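Examination of the molecular architecture
Okay, here's what each chain looks like letter by letter:
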Amino acid sequence: MTTSQDIVAFSLKLFYRQGFHATGVDLLSREAGVTKKTLYRHYPSKDALIDAALALRHTQFMTKMHAFVDSVATGLRPLAYIDFIASWVQEDDFYGCAFINAVAEFACPDAPPHQQAAKHKQEIQAYLKELCVACGISQPELISEQLFVLGEGMIVASQVQGYDASRVSAARMMARNAWLSATGGSTSTLNL
């Protein structure tokens, strides 16, 4: 990796674990193993570094989500999204969603991190809709929105209260019920 890539990778880890405002430039440069002067040569401001860190996180998350979901049969992919979220919230280094965290710290809708978060969530919603359309279900917008909201709820609940298997099980059941409703009760694509 290049120095620039190292800086943004270390910064993302710190921002994700500690928060954007709580993480100072001194710590960022120290953890990346560079001087502040070098950090500022690659990223002229902390805001530019936050922007780069969120862009990296978006790429990492989308790649991981696609790999997980796209590895199953087309008819199972919408519900595999819920399984992906259930798997992710159990990881040792889970500190919630970096984009939800960014919106909490940058509440103004015009703030660049807030805008990046909105775009990230819109891309997930569009992906879920594509998955539902590919399955040929009626009302793909509705089921994709339901799955999205269930996933978001699981993320926030797990961040605030920790992982809870019964909560994940409940989310999976609600997703399956929504799916059965959207498919007219067909279980041909589900492993119930």
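Before any of the text, the structure's been laid out above.
Residues numbered from 1 in each chain as written. Predicted model: local features only at pLDDT ≥ 70, side-chain atom pairs only at ≥ 80, totals over all residues. Heavy atoms only, no water.

Some remarks on helix α9 (residues 165-182)
- Here α9 contains 18 residues, and its C-alpha end-to-end distance of 26 Å stays within 8% of the 26 Å for a straight helix at 1.5 Å per residue.
- Every buried residue belonging to α9 is among Val 168, Ala 171, Ala 175, Ala 178, Trp 179, Leu 180 and Ala 182, and all of these are buried.
- Structurally, α9 contributes buried residues whose contacts are with α5 (77-88), α7 (112-134) and α8 (140-161).
- Gly 184 lies just past α9 and shows a positive phi near 70°. (Helix = DSSP H or I, 4+ residues; strand = E, 2+ residues; numbered from the N terminus. Expected span 1.5 Å × (residues − 1). Buried < 20%, exposed > 50% of the residue type's maximum accessible area, 1.4 Å probe, protein only. Contact = heavy atoms within 4.5 Å.)

Things to note about the nonpolar core
- Within the largest apolar cluster, 58 residues are counted, with the highest numbers of intra-cluster contacts made by Met 65, Tyr 81 and Ile 85.
- Mapped onto this core, the elements with two or more residues apiece are α1 (3-18), α2 (25-32), α4 (46-69), α5, α6 (98-105), α7, α8 and α9.
- For this core, the element with the most residues is α4, which contributes 9 residues.
- The contact partners of Met 65, leaving out residues within four places of it in the chain, are Tyr 81, Phe 84, Ile 124 and Tyr 127. (Core = buried A, V, L, I, M, F, W, Y, C linked by side-chain atoms within 4.5 Å.)

Observations concerning the packing of α7 against α8
- Interhelical geometry of α7 versus α8 gives an angle of 130° and a closest axis separation of 8 Å. The angle between α7 and α8 falls in the class oblique. Seen from above, α7 lies across α8 with right-handed handedness. Every residue of α8 that contacts α7 at Lys 121, Ile 124, Gln 125, Leu 128, Lys 129, Cys 132 and Val 133 is listed here: Pro 140, Glu 141, Ile 143, Ser 144, Glu 145, Leu 147, Phe 148 and Glu 152.
- Residues belonging to the contact of α7 with α8 are distributed by class as follows: 8 nonpolar, 2 polar and 5 charged. (Axes fitted to C-alpha atoms, helices over the stretch in contact; angles between N-to-C directions. Parallel < 35°, antiparallel > 145°, perpendicular 65-115°, else oblique. Left-handed = near helix turned anticlockwise from the far one by under 90°. Nonpolar A, V, L, I, M, F, W, Y, C, P; charged D, E, K, R; others polar.)

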